[in-house]
Amino acid sequence: MSAKKNILPFFIPMEGCKHNCIFCDQRQISGRIKSPTPAEIRAELALFSLKNMEIAFYGGSFTGLSKEKQLQYLQAVNEPNIKKQRAIRISTRPDCINQDNCFLLKGYGVKTVELGVQSFNNEVLLAAGRGYKNEVIEPAVRLLREFGFSVGIQLMTGLPEQTKDLSLFDARQAAELADFVRIYPTVVIENTPLAELYRRGLYEPQTVEEAVDLAARMLVIFQRRQIAVIRLGLNPDVKLAQAVLAGPYHPAFGHLVYSRLKLWQALVLLQRARAPQKILCPKADLPLLIGHKAENKKLLLQSYPLLKIVGDQTLPAGALSADGVVLLYKEFLQGLGENNFL
Ligand code: SF4
């Protein structure tokens, strides 16, 4: 699938955005102050082999740009010398999708459209300053599908008014619509309206623990439906870290989430084993089972003080075993309730 290609991103920070979403400052999130010109894009593309490469326009609302500007960018990535090698993806908002821009994107070889949906709940969308209601989301996805695009949905958690249950609802909705998703816990970036709310005590961000727990539950929903989750948390970046005022920013956020699922799998397995002395884990999964700063291991040892974690070469990927009981990852996922497990 296209998500497996290497992505060469061009950031157009907040260009084409009709609204200033309260959490957003793409200049700080992406580290790019201004958009590249089409000439700069051509020059950069000349430096790369584009084989198995996907060119992406991120950081703004591509289809919110004027048609002229969209054309200039699309032409820059459609030069005859690169046309056969490259794929293109763009990100935009669901209220900026219509027949005209679908024809335009299709005509210039765009394969993938990522929609910054963030939430399916109207109170949350309103509080975040998104400027559209949830009823535009599904028609936008359906139209993109009619044109044959692969559709990604970006979701956020921890926005004002956004409860854990609403986020789980968002995940179920997105799982019905998307080919792949990204999940971003809300972090408070300096100089945004959300930073102002936070300073005035009107917004309380998630803790890292809350964000990890929720993202893990959402991940279960997507994995059970075999929807790829291609990003968990913002890309770690030194400048971004400096701009974060509060919230669950963690450079290894994705690792924490996958590690949480591995902990849950281990707990399910250990409940099934009669007298577990050791837990066998494929070597590649050991870092997940042991956890960031060995947190999972410490937790497991609290309940099972004699337990040893042992790397194994024979178990299938994702499986765990203890006391002769094997728990395949798929079996673990299917056995979980989505809302009230563990
Ligand atoms: S979140 Fe997206 S739509 Fe909102 S201002 Fe940022 S780039 Fe624009």
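Each remark here, short or long, concerns the structure printed above.
In this report, we go over the structure that sits alongside the text. (Residues numbered from 1 in each chain as written. Predicted model: local features only at pLDDT ≥ 70, side-chain atom pairs only at ≥ 80, totals over all residues. Heavy atoms only, no water.)

## Focus on the state of the cysteines
Taken as a whole and assessed by the stated rule, the structure comprises zero disulfides. Here C96 is not disulfide-linked; the sulfur of C17 is the nearest cysteine sulfur, at 7.9 Å. (Disulfide = S-S within 2.5 Å.)

## Concerning the pattern of salt bridges
Pairs can form between side chains of opposite charge whenever their charged atoms are close. Enumeration according to the criterion identifies 15 salt bridges in this entry. For R89, the salt bridge goes to E54, with nearest N and O atoms at 3.4 Å. Remark: E54 occurs in strand β2 (residues 53–58) and R89 occurs in strand β3 (residues 87–92); sequence separation between them is 35 residues. For the pair R89 and E54, one class covers both residues: buried. Across the salt bridge formed by K262 and D285, the nearest N and O atoms sit 3.8 Å from each other. Of this pair, K262 sits in helix α12 (residues 253–272) while D285 sits in the loop between β10 (278–282) and α13 (286–290), placing them 23 residues apart in sequence. Each of E54, R89, E114 and R182 takes part in salt bridges that share partners, so that together they form one network. (Salt bridge = Lys/Arg side-chain N within 4 Å of Asp/Glu carboxyl O. Helix = DSSP H or I, 4+ residues; strand = E, 2+ residues; numbered from the N terminus. Buried < 20%, exposed > 50% of the residue type's maximum accessible area, 1.4 Å probe, protein only.)

## Comments concerning the site of the ligand
Taken together, the residues surrounding the ligand are M14, C17, H19, C21, F23, C24, Q26, G59, S61, R93 and R130. Its residues assigned to classes, the shell around the ligand comprises five nonpolar, four polar and two charged. (Near = heavy atom within 4 Å. Nonpolar A, V, L, I, M, F, W, Y, C, P; charged D, E, K, R; others polar.)

## Concerning the environment of E210
With respect to the secondary-structure elements, E210 resides in helix α10 (residues 208–224). Separated by 38 residues in sequence, E210 and P248 have C-alpha atoms that sit 8.3 Å apart.

## A word on the sheet that holds strand β11 (residues 308–312)
Overall, mixed pairing links the four strands, which are arranged β11-β10-β12-β13 in an open sheet. Both outer strands of the open sheet, β11 and β13 (325–327), are each paired with one neighbouring strand and no more. For this sheet the average axis-to-axis angle between neighbouring strands, irrespective of direction, equals 25 degrees. Relative to the sheet, α12 contacts β10, β12 (320–322) and β13, its axis offset from that of β12 by approximately 30 degrees. (Pairing = 2+ DSSP bridges. Axes fitted to C-alpha atoms, helices over the stretch in contact; angles between N-to-C directions. Contact = heavy atoms within 4.5 Å.)

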